[in-house]
Amino acid sequence: VLTFAMLITMFVVPVTGTSAKATKKAPNTYIATNRSYAVKNGSVFCFDKGTLQYRTKQGKTKTLAKFSDLYTCKYYVRSNTVYYNTNSQKSHCLMQIGLNGKNKKKLYSSKNSVVMVIGGYGSSVIFQCGEKICRYKDGKVKTLVKTDDGGLLSSLTQIFNGKIYYNNKSYDLATGKTKTFMADFTYSTKNYLYFVNSKMDLKRLDKSGKINTVATKITDLNYVDGETVGYCKKNSNNKEVFYRRTGVKNKAVQLCTWNDIYSKIKNKDGLKSSSMHSVTMEIAGGKVYLSPIVMGGMEYDEKTGTFSDFIFRQSLLSVPVKGGTPKMVYECK
């Protein structure tokens with residue numbers, strides 16, 4: 001826990017005749033991720049064949065851990081220690097290891113329930129295990145939240161500014177109090193908690209408690225990074241349009257439409273623009289990279305009594321950050 005004291009000199013008597021009280025700073029909140037986690041001299045990531053790695057700015061890479069399930073590993077770094085989870089058929093564990101690859105330690109294990117790191121609160125590790133949200137600190141594990149209906153979804157549980165957000169509720173780690181927080185979806189960053197309400201309006205909560213509206217009636221949240229978000233909403237013609245917005249003072253930038261993206265996809269093989277699809281975004285080097293996945297359901301042929309093959313297409317396109325015509329970068333065959 002990070003603290004500081006207001007130091008009073010021993011040699012000067014305060015003129016008020018009263019001593020100043022030490023004030024305590026709130027513990028830092030750490031947000032776990034399965035993407036790149038920046039540290040002082042590099043980053044921690046797990047993109048390469050089920051390994052957790054630390055790469056310095058000088059280009060040196062150290063493998064910290066290996067695990068079988070790449071997609072459920074989440075982690076964060078406090079000081080020089082990485083806290084992460086591993087899940088396999090035999091066990092589910094909460095682990096820690098130093099950035100130097102030393103002091104590897106198992107903090108908690110479960111045989112039957114998946115363990116997922118949510119983040120940290122000071123020296124406490126906040127994690128989810130099955131239907132419980134728990135806190136690990138000083139060798140002890142305490143259950144903070146427990147449900148009996150199986151309603152906890154690890155992908156929807158977020159930590160932000162000393163509070164855990166889950167199931168339309170928020171749990172204050174400092175006070176232990178639970179309050180209602182209505183949201184269909186939440187996503188936390190260092191300075192903001194983004195959430196979508198029942199009207200599909202995208203909101204942004206800052207550390208002071210102020211809430212701003214980022215966009216209204218969206219159909220999907222495709223990208224979040226600090227103050228920048230990417231989202232999709234339908235226009236007056238009921239067509240999907242993708243936007244980028246940075247902050248709440250700047251206006252949203254229209255990037256392109258779904259029809260623009262679909263027109264660039266080759267080898268459609270019967271897929272339609274109305275076929276089930278999803279789009280993820282990344283922003284780098286002045287461009288927005290769009291990765292659409294288009295799926296076509298199997299159809300039954302009454303004459304032959306057979307089902308057609310499931311159709312799946314994934315591509316990578318780019319569009320300028322100020323919007324424009326998408327360009328194909330790569331298309332999976």
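Look above for the structure.
The following refers to the structure shown. (Residues numbered from 1 in each chain as written. Predicted model: local features only at pLDDT ≥ 70, side-chain atom pairs only at ≥ 80, totals over all residues. Heavy atoms only, no water.)

1. What to know about the pattern of salt bridges
Applied cut-off: For salt bridges, the criterion is a side-chain nitrogen of Lys or Arg within 4 Å of an Asp or Glu carboxyl oxygen. Going along the chain from the N terminus, every DSSP run of H or I of four or more residues is numbered as a helix, and every run of E of two or more is numbered as a strand. Working definition: with a 1.4 Å probe on protein chains only, accessible area under 20% of the residue-type maximum means buried, over 50% means exposed, and in between means partly exposed.
Counting across every chain of the model gives two salt bridges. Its salt-bridge partner being Glu282, residue Arg35 comes within 2.4 Å of it at the nearest N-O pair. Separated by 247 residues along the polypeptide, Arg35 in the loop between β1 (29–31) and β2 (37–39) and Glu282 in strand β26 (residues 276–284) bring together distant segments of the chain. Given the relative accessible area of 37%, Glu282 is considered partly exposed. With a closest N to O distance of 3.5 Å, Arg204 and Glu227 form a salt bridge. On the criterion of sequence distance, the pair formed by Arg204 in strand β20 (residues 202–206) and Glu227 in the loop between β22 (218–225) and β23 (228–234) is long-range, its members being 23 residues apart. On the basis of relative accessible area, Glu227 is assigned to the partly exposed category, the value being 38%.

2. Digging into the sheet that holds strand β27 (residues 287–296)
Applied cut-off: In short, DSSP must find at least two bridges between two strands for them to pair. Axes here mean lines fitted to C-alpha atoms, for a helix over just the part in contact, with angles spanning 0 to 180 degrees between N-to-C directions.
Strands sit in the order β26-β27-β30-β31 across an open sheet of four strands; the sheet is antiparallel. Single-partner strands in this sheet number two, and they are β26 and β31 (327–331). Strand-to-strand twist of the sheet, defined as the mean angle between neighbouring strand axes without regard to direction, takes the value 25°. Alignment of β26 against β27, held across nine bridges, turns out to be antiparallel. The residue of β27 that forms the bridge with Met281 is Leu290.

3. Some points on the nonpolar core
Formally: Residues grouped as a nonpolar core are buried Ala, Val, Leu, Ile, Met, Phe, Trp, Tyr and Cys residues, joined through side-chain atoms within 4.5 Å. In this analysis, two residues are considered to be in contact whenever any of their non-hydrogen atoms come within 4.5 Å of each other.
In terms of nonpolar packing, the biggest core is built from 33 residues, with Val44, Leu52, Tyr75, Val82, Tyr84 and Leu94 touching the most fellow members. Broken down by element, the residue count for this core peaks at four residues, all from strand β8 (residues 92–98). The contacts of Leu52, once residues within four sequence positions are left out, are Val44, Phe45, Cys46, Lys62, Thr63, Leu64, Ala65, Phe67, Tyr75, Val82 and Tyr84. Core analysis: the next-biggest nonpolar cluster, separate from the first, contains 18 residues, Phe242, Leu255, Trp258 and Met281 among them.

4. Focus: the packing of aromatic side chains
The condition that has to hold: In this scheme Phe, Tyr and Trp rings, the latter by its six-membered ring, pair at centre separations within 6.5 Å, and the angle between planes marks the pair as stacked below 30 degrees, edge-to-face above 60, and tilted otherwise. Definition used: whenever NZ (Lys) or CZ (Arg) falls within 6 Å of the ring centre and also within 35 degrees of the ring normal, the charge is taken to sit over that ring.
For the coordinates displayed, the defined rule picks out eight aromatic pairs. With a centroid separation of 5.5 Å and 25° between ring planes, the pair formed by Tyr30 and Tyr76 is classed as stacked. Of this pair, Tyr30 sits in strand β1 while Tyr76 sits in strand β6 (residues 75–78), placing them 46 residues apart in sequence. A ring pair is formed by Tyr76 and Tyr83, whose centres lie 5.2 Å apart and whose planes are at 25°; its orientation type is stacked. A single burial state applies to Tyr76 and to Tyr83, both of which are buried. These aromatic residues form a ring-pair network of at least three members: Tyr30, Tyr76 and Tyr83. Over the ring of Tyr192 we find Arg204, and its NZ or CZ is 3.8 Å from the ring centre.

5. Quick notes on the pairing of strand β19 (residues 192–196)
Every other side chain in a regular strand lies on the same face of the sheet, so the side chains alternate between the two faces. Burial runs high along β19: five of the five residues are buried. Burial along β19 is two-sided: Tyr192, Tyr194 and Val196 and Leu193 and Phe195, pointing in opposite directions, are all buried. Across four bridges, the pairing between strand β18 (residues 185–188) and β19 is antiparallel. What sits directly across from Tyr187, in β19, is Tyr194. Here β18 folds back onto β19, and the loop between the two strands holds three residues. In the sheet, β19 pairs with β20 via five bridges, with the strands oriented antiparallel. Residue pairing for β20: Tyr192 is matched across the bridge by Asp206. As consecutive antiparallel partners, β19 and β20 are separated by five residues, and within that stretch Met200 has a phi angle of approximately 65°, a positive value.

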